[in-house]
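These are the residues of each chain, in order.
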Amino acid sequence: MLKHSVGFCTVAAFVLYSRGREMRFVRAAFTAILLGTYATLAQAVPPSSFKDCENCPEMIALPSGKFLMGASEKEVRAVKYVDASLPQHQVDIAYPFAIGRTEVTVEEFGAYVKETGAQVGGNCGIRLAEQGDFAFKYVGTLHPNSGKDVESPYVMFITDGSYIQPGLPVGAKQPAVCISRHEMSGYLDWLSRKTGKHYRFPTEAEWEYAYRANTKTISFWGDGFKKTCEYANFGDRKSGYQAGMAAPCAEKIRPLWSADAGSYKANPWGLYDMAGNVQELVEDCTHENYNGAPSDGSPWTEEGCLTFVTRGGDYELTQYNMRASDRLFMGHVEGPGNDDLIWPKEQSLDIRENLVGFRVAVSMDDTAWDRK
C-alpha cells in the first residue's frame with residue numbers, strides 16, 4: 001500500500017395455538033409481521049436514478065436518514081484494529097442527496113478533458129503486482145527518485161501518469177485513477193457549470209451512509225468475509241498481490257488490477273464498487289478517530305488540510321479493508337521515511353496514485369450542508 005494511502009490500521013419461526021381472544025392476538029401479531037416485512041422490502045428497493053447530461057455520471061438519489069457510523073462492538077471483536085473508526089456514533093443526514101452509481105470512469109473523466117482541454121497528469125504512484133502476467137511490470141517514464149522510496153519495490157513512480165496512462169492497461173469503463181485532488185476538483189467544477197448544480201465530493205459520513213444502505217452489518221453483505229468475492233474487487237487468492245494470501249475466496253471475475261465499474265454485485269441501493277476496486281477520495285480531512293466528528297453529515301475539514309480520507313479499499317488490499325467502516329487516506333504524511341522524494345509538502349493536492357479514484361455527490365435541496 002502506498003504511504004500516501006495507508007490504512008488506519010431472521011429468520012424466526014414460531015407456532016401459536018390458541019382460541020377465542022388469543023386468536024385475535026395471533027392475527028394482530030401476524031399483521032404486524034407482514035407490515036414489518038413490507039417495510040424491510042421497501043427499504044431494500046433501490047432509490048431512483050438520473051443523469052444530468054449525456055456525459056454526466058449516473059446518480060442514485062438517496063433518502064435522508066440516521067445511521068450508526070464507525071465500527072461496532074462486533075467488528076472490534078472480529079477485526080480488532082479499528083481504532084480509527086471509533087467511537088461509533090449516530091449520524092443524522094436530514095437532507096436528501098445523490099451519489100454516483102459507480103466510481104467516475106476513464107470515459108467520463110475523458111469527456112471533461114476533451115471538452116475543456118484541461119491539462120492533466122504528472123507524477124503517479126503505481127502499485128505493482130508480485131505474481132501473474134503483470135508481475136513487477138508497468139508502463140510510463142520512471143521518476144528519477146523512484147526506487148529510493150520506502151515502499152519499493154512494490155510501488156514505482158512515473159512522471160507521465162494520468163487517467164489514460166495509469167501504469168497498467170486501462171479501458172474506458174475502468175475507474176479513472178492517477179488523478180490528483182486538484183484535477184478531481186476541476187472535473188467537479190465542470191459538472192457544476194454544465195448542470196447548474198453543485199457537484200462535489202461526498203462527505204465521509206455520506207459515503208458510509210450510502211455504503212451501508214440501511215444495513216447494520218460489518219459489510220453490506222453481512223458480518224462474514226466469505227462472500228467478499230461476490231461484491232468487491234480486492235486482493236483475493238488469485239489476484240497476484242500479497243494481500244491474496246489472506247483471502248477466503250477467489251473472485252469469479254479476477255481482473256489483473258482494477259475492474260470495469262459495476263462488474264461486481266451492487267449494494268441494496270444499487271451502488272457498485274463501494275467496496276474494493278479503487279479507493280475513493282472524500283471531502284473530509286484525515287483525523288485519528290471520530291472524537292469530535294460532526295453528526296449531521298457535513299464534512300470534517302480544517303484550514304490548510306494536506307491529508308484527506310479515502311474510503312472503500314482497493315484491488316490489492318485484504319477482505320478486511322472492504323468493511324463499511326474502514327478508513328484510509330491520501331496526502332502528505334509526516335514522519336520517518338516520508339521524505340518527499342516525489343511530492344514536496346506544498347504539492348500534497350497534486351499526489352496521484354493508481355489505487356485512488358473518486359465518486360461524485362450532489363445535494364438535492366437547500367437543506368444540505370453545502371447549500372446553507
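S.K.: Even after reading the chapter, I still don't get the packing of aromatic side chains, so can you show me in this structure?
M.R.: Each aromatic ring pair is characterised by the separation of its centres together with the angle its planes make. Throughout the structure, instances matching the rule amount to 22 aromatic pairs. Aromatic pair Tyr112 and Tyr187: ring centres 5.8 Å apart, planes at 80°, arrangement edge-to-face. With a gap of 75 residues between them, Tyr112 in helix α3 (residues 106-116) and Tyr187 in helix α4 (residues 181-195) connect regions that are remote in the sequence. According to the relative accessible area criterion, Tyr112 is buried, its value standing at 8%. With relative accessibility at 0%, the residue Tyr187 sits in the buried group.

S.K.: How should the sheet that holds strand β1 (residues 49-50) be read in this particular structure?
M.R.: Sheet strands line up and pair through hydrogen bonds in the backbone, either parallel or antiparallel. If you trace the 5 strands from one edge of the open sheet to the other, you get β1-β2-β5-β13-β8, paired in antiparallel fashion. The sheet terminates laterally at β1 and β8 (199-200), the two strands that pair on one side only. Bridge analysis of strand β2 (residues 59-62) against strand β5 (residues 97-100) gives 4 bridges, and the strand direction is antiparallel. Paired with Ile60 across the strands is Ile99, a residue of β5.

S.K.: Sorry if this is basic, but what is going on with the state of the cysteines here?
M.R.: Chemically, a disulfide is nothing more than a covalent bond linking the sulfur atoms of two cysteines. Counted under the stated rule, the structure contains 4 disulfides. Put simply, Cys124 and Cys178 are joined by a disulfide, and their sulfur atoms are 2.0 Å apart. Torsion about the S-S bond of the Cys124 and Cys178 cystine: about -80°, corresponding to left-handed handedness. You can see Cys124 sitting in strand β6 (residues 122-127) and its partner Cys178 sitting in the loop between β7 (155-161) and α4, a full 54 residues away along the chain. With a relative accessible area of 0%, Cys124 lands in the buried category. For Cys178, a relative accessible area of 1% gives the class buried. Between the sulfur atoms of Cys229 and its disulfide partner Cys249 the distance amounts to 2.1 Å.

S.K.: Is there a simple way to think about the sheet that holds strand β11 (residues 327-331) in this case?
M.R.: One open sheet holds the 4 strands; their spatial order is β11-β10-β9-β12, and the pairing between them is mixed. At either end of the open sheet lies a strand with only one pairing partner, and these are β11 and β12 (356-358). Averaged over all neighbouring strand pairs, the angle between strand axes comes to 50°, with direction disregarded. As judged from the 3 bridges shared by strand β9 (residues 279-285) and strand β10 (residues 307-311), these two strands associate in the antiparallel manner.

Parameters at a glance
Residues numbered from 1 in each chain as written. Predicted model: local features only at pLDDT ≥ 70, side-chain atom pairs only at ≥ 80, totals over all residues. Heavy atoms only, no water. Phe/Tyr/Trp six-rings, centres within 6.5 Å; stacked < 30°, edge-to-face > 60°. Helix = DSSP H or I, 4+ residues; strand = E, 2+ residues; numbered from the N terminus. Buried < 20%, exposed > 50% of the residue type's maximum accessible area, 1.4 Å probe, protein only. Pairing = 2+ DSSP bridges. Disulfide = S-S within 2.5 Å. Axes fitted to C-alpha atoms, helices over the stretch in contact; angles between N-to-C directions.

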